Each structure stands twice: as structure tokens, then as C-alpha cells.
Amino acid sequence: MATGAASANLEDVPSLDLMSELLRRMKCSSKPDKRLILIGPPGSGKGTQSPIIKDEYCLCHLATGDMLRAAVAAKTPLGVKAKEAMDKGELVSDDLVVGIIDEALQKPSCQKGFILDGFPRTVVQAQKLDEMLEKKGAKVDKVLNFAVDDLILEERITGRWIHPASGRSYHTKFAPPKVPGVDDVTGEPLIQRKDDTAAVLKSRLEAFHKQTEPVIDYYSKKSIVANLHAEKPPKEVTAEVQKVLS
Ligand code: ADP
Ligand code: AMP
């Protein structure tokens with residue numbers, strides 16, 4: 001039954017789309033597997049660089065912030081539990097996020113590896129991730145540290161506009177959409193995140209320095225951290241990422 005339904009759906013897919021998906025899969029089959037973590041304070045550019053790395057290496061992009069915001073919007077039990085901490089700019093509990101990552105990593109799109117964006121954010125989360133991967137005989141290959149001074153982050157955060165469905169990030173000054181307030185790809189409206197204010201940024205940065213910076217030390221001991229100059233313009237950061245991953 002399921003096979004019949006799938007082939008009926010495939011018959012409805014335009015030939016051009018089928019061809020480009022086939023070409024994408026052929027290109028992907030020659031790419032090496034990669035398991036990457038992107039660490040950096042809010043606004044450091046992780047979400048901007050992720051789609052570029054994802055396309056280049058055929059990885060899945062798992063951003064715990066995006067997943068949690070979708071759960072909050074859908075008012076799922078997980079979203080209800082997470083909302084209060086997120087509104088205040090505090091971290092949600094380790095158990096909640098470890099659970100969503102564990103489930104998401106099973107997806108077929110993560111077969112060639114993954115980009116974890118915004119996870120792990122505590123040493124406990126990093127240890128749990130290592131345990132999860134060990135069970136599959138895998139390990140993290142590289143941690144990209146988006147190093148940037150706190151002082152430039154307020155302007156980045158307060159000027160950010162996002163397309164919630166895809167997680168695409170824009171900026172009124174640094175990365176404006178073609179039409180103000182509208183996603184370049186879908187034409188759908190962009191929104192500003194509720195926690196993208198100067199006041200909430202303070203708590204988010206506090207959480208980053210206290211709880212997430214130790215994660216960088218944790219991976220430094222494994223010699224897999226690459227430091228990026230994340231204050232540079234987006235294209236220069238992309239070039240640094242490409243150099244580190246090649
Ligand atoms: P993160 O995912 O790390 O929170 P984003 O990638 O969403 O950060 O970037 C935060 C904001 O800064 C966005 O509005 C984005 O367009 C902009 N931005 C991202 N990288 C740069 C950069 N290198 N220089 C200037 N602005 C940037
Ligand atoms: P982000 O989109 O990465 O800026 O995350 C937005 C908010 O989601 C954070 O301020 C936290 O409240 C929550 N969050 C996202 N990822 C994690 C995580 N790995 N651990 C705990 N809380 C998280």
C-alpha cells in the first residue's frame with residue numbers, strides 16, 4: 001500500500017524537480033560524511049552559515065532553537081515546558097533538548113552527517129551527545145567556534161528578521177531581503193523573534209558565557225575545535241569555514 005502511494009506521488013512530481021533531486025543525490029554520494037557542531041553566542045552567524053555548509057556537504061541542519069520555537073508555536077507539551085525559559089533568555093532543561101536531538105538524528109536526511117546549531121549548549125548535553133554517537137560507532141568530527149566580541153551582537157540581534165518555516169536569517173543592514181519584510185525564496189512574511197531584544201540578549205549572553213563556553217573547552221581537549229573570526233563580513237566567514245572543512 002505504502003509503496004503504491006509513494007509511486008503515485010512520484011508520478012505527480014515535475015520531471016525537472018525529479019532530475020535535480022537525482023543530480024543532488026549523485027553529487028552527495030561522493031561527499032565525505034561530516035558531523036559538525038556550530039558554537040557561538042546569539043547573533044554570531046551560525047544560522048547564516050549553516051545552509052551553505054548543509055548544501056555543500058549534504059548534511060542535515062538541526063537548530064534546537066528553531067525546533068523549540070516550532071514546538072512553542074504549535075503549543076505541544078514540549079513547547080509549553082520550554083516557553084518560559086526561552087522568553088527569559090535562559091536555557092531550557094538538558095533532558096528536553098537531548099530528547100529532541102536524539103529523535104532528530106534518526107532522520108534519513110542526517111545519513112551523511114549533521115550540523116548541530118545551538119546544541120550542545122552545556123557540558124552535560126555534550127556528554128549525552130557523545131554517548132548517543134558512541135552507540136552508533138560515530139563521533140563529532142569538528143566544532144566550529146564562531147568567536148566574536150559581545151559588543152557587536154546587539155546590532156546584529158535587534159536588526160535580525162527570520163523566515164520561521166526555513167530558519168533563514170536576514171538583517172536590515174547586513175543582509176537585507178530583496179523586498180523588505182519578505183522571504184527571498186518563498187515570498188512569505190519575515191518576523192522578528194520575541195527574544196531578539198537588547199534586554200533578553202543580556203541573559204542569553206550570560207547563559208552563553210557561563211554554560212556554553214565550557215563546552216568549547218570540553219571539545220578543545222579533544223583537539224577538534226576550529227576558531228573562526230565571526231566578526232568579519234558573512235562571505236569572509238564562509239571562506240574561513242570552507243578552508244577549515246576542506
Ligand atoms: P545565530 O544563528 O548565530 O544566532 P544569525 O546567523 O541568525 O546568528 O545572524 C544574526 C544576524 O546577524 C542576522 O540578522 C544575520 O543576517 C546577521 N549576520 C550573520 N552573519 C553576519 C556577519 N558575518 N556580519 C554581519 N551580519 C551578520
Ligand atoms: P537560539 O535560537 O539558538 O538562539 O535559541 C533560542 C532559545 O532556545 C535559547 O535562548 C534557549 O532558551 C533555547 N535553546 C535552544 N537550544 C538550546 C539548548 N541546546 N539547550 C538549552 N536551551 C536551548
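Residues numbered from 1 in each chain as written. Chains lettered and ligands numbered in written order. Predicted model: local features only at pLDDT ≥ 70, side-chain atom pairs only at ≥ 80, totals over all residues. Heavy atoms only, no water.

For the protein, an unreviewed UniProt entry supplies the name adenylate kinase and the organism Quercus lobata. UniProt lists a comment for the protein under the heading Function (unreviewed entry), and it reads "Catalyzes the reversible transfer of the terminal phosphate group between ATP and AMP. Plays an important role in cellular energy homeostasis and in adenine nucleotide metabolism." Listed in UniProt under the heading Subunit (unreviewed entry), the comment for the protein reads: "Monomer." (UniProt positions renumbered as here; feature names shortened; annotations may be inferred.)

**Q** Mind laying out the site of ligand 1, listing which residues take part and the relevant values?
**A** Surveying the vicinity of ligand 1 reveals 20 residues, the closest of which are Thr48, Arg160, Ser169, Tyr170 and Lys232. Thr48 has a polar side-chain atom sitting 2.6 Å from an oxygen atom of ligand 1. Separating a nitrogen atom of ligand 1 from a backbone N or O atom of Pro234 is a distance of 3.3 Å. Taking 560 Å² as the accessible area of ligand 1 by itself, protein coverage stands at 94%. Elements with a minimum of two residues in the shell around ligand 1: α3 (46-57), β6 (168-171) and α10 (234-245). Residue composition of the shell around ligand 1, grouped by class: nine nonpolar, seven polar and four charged. (Near = heavy atom within 4 Å. Polar contact = N/O pair within 3.5 Å; in protein donor to acceptor, adjacent residues only side chain to side chain. Areas by Shrake-Rupley, 256 points an atom, 1.4 Å probe, with all protein chains shown as cover. Helix = DSSP H or I, 4+ residues; strand = E, 2+ residues; numbered from the N terminus. Nonpolar A, V, L, I, M, F, W, Y, C, P; charged D, E, K, R; others polar.)

**Q** Lay out the state of the cysteines with the relevant residues and their values.
**A** Within this structure, the stated rule accounts for two disulfides. Two residues share a disulfide in this structure: Cys28 and Cys58, whose sulfurs sit 1.9 Å from each other. Here the disulfide of Cys28 and Cys58 is left-handed, its torsion about the S-S bond being about -85°. One end of the pair, Cys28, is in helix α2 (residues 15-29); the other, Cys58, is in the loop between α3 and β2 (60-63), with 30 residues separating them in the sequence. By the burial criterion, Cys28 is buried, and Cys58 matches it. For the protein, the bonded cysteines pair up as 1-2, 3-4 when numbered in the order they occur along the sequence. (Disulfide = S-S within 2.5 Å. Buried < 20%, exposed > 50% of the residue type's maximum accessible area, 1.4 Å probe, protein only.)

**Q** Quick rundown of the sheet that holds strand β7 (residues 225-229)? Include the residues and the values.
**A** A sheet is described by the order of its strands in space; here five strands give the open sequence β2-β3-β1-β4-β7, paired in parallel fashion. Lying at the two open borders of the sheet, with one neighbouring strand each, are β2 and β7. Within this sheet the neighbouring strands show an average axis-to-axis angle of 20°, counted without direction. One ladder, built from five bridges, connects strand β1 (residues 34-39) with strand β3 (residues 113-117); its direction is parallel. Across the sheet, the residue bridging to Leu38 is Asp117, located in β3. (Pairing = 2+ DSSP bridges. Axes fitted to C-alpha atoms, helices over the stretch in contact; angles between N-to-C directions.)

**Q** Tell me about empty space enclosed by the protein, residues and numbers included.
**A** Once rolled over the atoms, a probe with the size of a water molecule shows which space is left empty. Enumeration over the complete set of coordinates arrives at one cavity of 30 Å³ or more. When its volume is computed, the largest cavity comes out at roughly 60 Å³. Gln49, Ile52, Ile53, Glu56, Tyr57, Thr238, Val241, Gln242 and Leu245 together form the lining of the largest cavity. Secondary structure elements with two or more residues in the lining of the largest cavity: α3 and α10. Considered class by class, the residues forming the lining of the largest cavity number five nonpolar, three polar and one charged. (1 Å grid on protein atoms, 1.4 Å probe; cavity = no way out; pocket = protein on both sides within 12 Å on 5 of 7 lines; lining within 4 Å. Points joined across faces, edges and corners; volume = space filled by probe spheres on them.)

**Q** I'd like a description of the site of ligand 2, backed by residues and values.
**A** Close to ligand 2 lie 15 residues; Thr64, Arg69, Glu90, Gly118 and Gln125 are nearest. One of the side-chain nitrogen or oxygen atoms of Arg69 is found 3.0 Å away from an oxygen atom of ligand 2. At 3.4 Å from an oxygen atom of ligand 2 is found a side-chain nitrogen or oxygen belonging to Arg204. When ligand 2 sits alone it has 480 Å² of accessible area, and the protein chains cover 96% of it. Considering each element in turn, the shell around ligand 2 owes the most residues, four residues, to helix α4 (residues 64-73). Looking at the shell around ligand 2 residue by residue, the classes come out as six nonpolar, four polar and five charged.

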